[in-house]
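Structural overview for review
Residues per chain, in single letters:
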Amino acid sequence: MRLTFVQPRPELRPHIESFWVFECDAGLPSADTSIAAPNGCAKLIIPYRNSLLSRHPGGRPQETKAHGLYFVGVQERPTILTSAPRPTGFIAIEFSPHGAHRFLDLSMADTANGLFAFEDLRGRIGREWREGLGNLPGAGRKVQYVQACLAASLREDRPSSAVVDHVVRTLKRTGGLTPIKTLEGQTGYSSRYLELLFKEQVGVSPKTLARIFRFQRFYEKWARDRRYDLLTSEVYDYYHDQSHFAKEFKEFTGYAPRRFAAEVSNEFGRRLARR
């Protein structure tokens, strides 16, 4: 399993959280549950070798076909990934929480928790991108091409709201601990107005994004060290009690913390979370 991180072009960096290429000689390991936990980022997925199957716990699988181009809205549930046991490769671009808004002429609420063929969202342009990527050999050429496409499609006339910028930065910096009332005071806007802005530019509410950031604080520590005790007393600084933390953790991973630590290796998810 190889995960190679890519440096985005300068004009794209403010809008992209992470850019990487995944390659594996025999597909995603069947003995290891591969989980993509919510991180507040919408994604562009480009499978160029082998198809991927993705599903939410208890849900039906969805296929992202090789040589396709797919957009994944901000997720509130974990995604379990599988593939056939043959050489596999895909490119992923994870936008900042409000970054994808700069490339798509639609409300991000319409994409939340969804998986879409990119041409269903961008029509002719999406089809041209897919065909252009399909005609290029190797991941390196595809990476260059999609960066050029994104740079050309960056909507300077659709800037993110300074209010959304501030709230996203504040929630990330504080690990989701800043109360919505505090954000109302800082911005001068009501929680209802902030939610409307977030649904348009992020896809989920500030409260949901705060919950994801708070969960990620512990998930990233587990990713760096599998021996990390997920039920450490530190959870009391972020949650009402261990029961509250366990409920949130299960919602975002599909597992209770102790079972997750004992049964799930999730090497794929670990490498992503500790980027």
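Scroll up for the structure.
This section reports on the structure supplied with the text. Sequence order sets the numbering: in each chain, residues are counted from 1 along the sequence as written. Reporting of local features is limited, given that this is a predicted model, to residues whose pLDDT is at least 70; pairs of side-chain atoms are given and counted only at 80 or more, and all residues count toward the totals for whole chains, interfaces and linings. Side-chain measures here rest on the full set of heavy atoms in the structure, leaving out hydrogens and waters.

**Side note on the overall build of the protein chain**
Note the cut-off: In this description a helix means any DSSP run of H or I spanning at least four residues, a strand means any run of E spanning at least two, and both kinds are numbered starting from the N terminus. For this measure, only C-alpha atoms enter the radius of gyration; the expected value for a globule follows 2.2 Å times N^0.38, where N is the number of residues. Exposure classes here rest on a 1.4 Å probe applied to the protein chains alone. A residue is buried below 20% of its type maximum, exposed above 50%, and partly exposed in between. Note on definitions: a residue-residue contact is assigned when non-hydrogen atoms from the two residues lie within 4.5 Å. Computed with the Shrake-Rupley method and a 1.4 Å probe, the accessible areas treat only the protein chains shown as cover for residues. Asp and Glu are treated as the negative residues and Lys and Arg as the positive ones, with His and the ends of the chain left uncounted. For the purpose of locating charges, the reference atoms are NZ of Lys, CZ of Arg, CG of Asp and CD of Glu.
Along its length, the protein chain carries ten helices and ten strands. Compactness check: the protein chain gives a C-alpha radius of gyration of 19 Å against a globular reference of 19 Å for 275 residues, within 12% of the reference. A principal-axis box enclosing the C-alpha atoms of the protein chain has dimensions of 50 × 45 × 30 Å. Within the span of the protein chain, comprising 275 residues, buried residues form 53% of the whole. Considering only contacts in the protein chain between residues 6 or more positions apart, those separated by 24 or more positions represent 73%. Summing over all exposed atoms, the protein chain offers an accessible surface of approximately 12,700 Å²; the carbon and sulfur share of this is 48%. Both charge centroids of the protein chain, one from 41 positive and one from 30 negative side chains, sit 2 Å from each other.

**With respect to the packing of aromatic side chains**
As a reminder, the rule being used: Centres within 6.5 Å make a pair out of two Phe, Tyr or Trp rings, where for Trp the six-membered ring is used; the pair is then stacked when the planes are under 30 degrees apart, edge-to-face when over 60, and tilted otherwise. Consider the ring centre and the ring normal. A charge sits over the ring if Lys NZ or Arg CZ is within 6 Å of that centre and within 35 degrees of that normal.
Applying the stated criterion across every chain, the model contains 22 aromatic pairs. Consider the rings of Tyr189 and Tyr193, whose centres lie 4.7 Å apart with planes at 35°: the pair is tilted. For Tyr189, a relative accessible area of 36% translates into the label partly exposed. Chaining the aromatic ring pairs together yields one cluster made of Phe215, Phe218, Tyr219, Trp222, Tyr238, Tyr239, Phe245, Phe249, Phe252, Tyr255 and Phe260. A cation sits over an aromatic face here: Arg270 above Trp222, 5.9 Å from the ring centre.

**Considering the sheet that holds strand β5 (residues 52-55)**
Put simply, the rule is: Any two strands with at least two DSSP-identified bridges between them are counted as paired. Between the N-to-C directions of two axes lies an angle of 0 to 180 degrees, each axis being a line fitted to C-alpha atoms and, for a helix, fitted only over the stretch in contact.
Strand order in the open sheet made by the four strands is β3-β8-β5-β6, with antiparallel pairing throughout. Two strands in the sheet have a free side with no partner beyond their single neighbour: β3 (34-36) and β6 (62-64). Averaged over all pairs of adjacent strands, the angle between strand axes in this sheet comes to 35°, irrespective of strand direction. In this sheet, strand β8 (residues 79-83) lies alongside β5 in antiparallel orientation, the contact comprising four bridges.

**Comments concerning the nonpolar core**
Our working definition: What is meant by a nonpolar core is a set of buried Ala, Val, Leu, Ile, Met, Phe, Trp, Tyr and Cys residues, joined one to another through side-chain atoms within 4.5 Å.
Membership of the largest hydrophobic core comes to 43 residues, with the highest contact counts inside it found for Leu44, Phe71, Ile93, Phe95 and Leu150. Broken down by secondary-structure element, the contributors of at least two residues to this core are β2 (16-24), β4 (43-49), β9 (88-95), α2 (124-134), α3 (138-153), α4 (162-173), α6 (191-201) and α7 (206-224). When residues in this core are grouped by element, the largest group, six residues, is from α3. Once residues lying within four places of it in the same chain are set aside, the contact partners of Leu44 are Leu69, Tyr70, Phe71, Ile91, Ala92, Ile93, Phe95, Phe118, Trp129, Val146 and Leu150. If you look at the next biggest cluster of nonpolar residues, it comprises 22 residues, including Ala37, Leu231, Val235 and Phe260.

**What about α2?**
Which entries qualify depends on this criterion: For this quantity, the arc is that covered by the directions from the helix axis to the C-beta atoms.
All of the buried residues along α2 are Gly126, Trp129, Gly132 and Leu133. What you see down the axis of α2 is that its buried residues fit within an arc of 130°, all on one side. Those residues of α2 hidden inside the fold are in contact with β4, α1 (118-122) and α3.

**Focus on the environment of Ala148**
Its location among the elements puts Ala148 in helix α3. By relative accessible area, Ala148 is classed as partly exposed at 35%.

**Here's the deal with unusual backbone geometry**
Although it is not a glycine, Asn50 sits at a positive phi angle of roughly 75°. When you line up the elements, Asn50 lands in the loop between β4 and β5. Phi at His67 is positive, roughly 75°, even though this residue is not glycine. With respect to the element layout, His67 can be found in the loop between β6 and β7 (70-72).

**Points about the packing of α4 against helix α5 (residues 180-187)**
Formally: Roughly parallel here means an angle under 35 degrees, roughly antiparallel means over 145, roughly perpendicular means 65 to 115, and every remaining angle is called oblique. The handedness criterion is simple: a crossing whose near helix is rotated anticlockwise from the far helix by less than a right angle is left-handed, and one whose near helix is rotated clockwise is right-handed.
Close contact between α4 and α5 brings their axes to 11 Å; oriented N to C, the two are set at 140°. Comparing the axis directions of α4 and α5 gives the class oblique. Considering the relative orientation of α4 and α5, their crossing is right-handed. Between α4 and α5, the residues in contact are Val163, His166, Val167, Thr170 and Leu171 and Leu183, Gln186 and Thr187, respectively.

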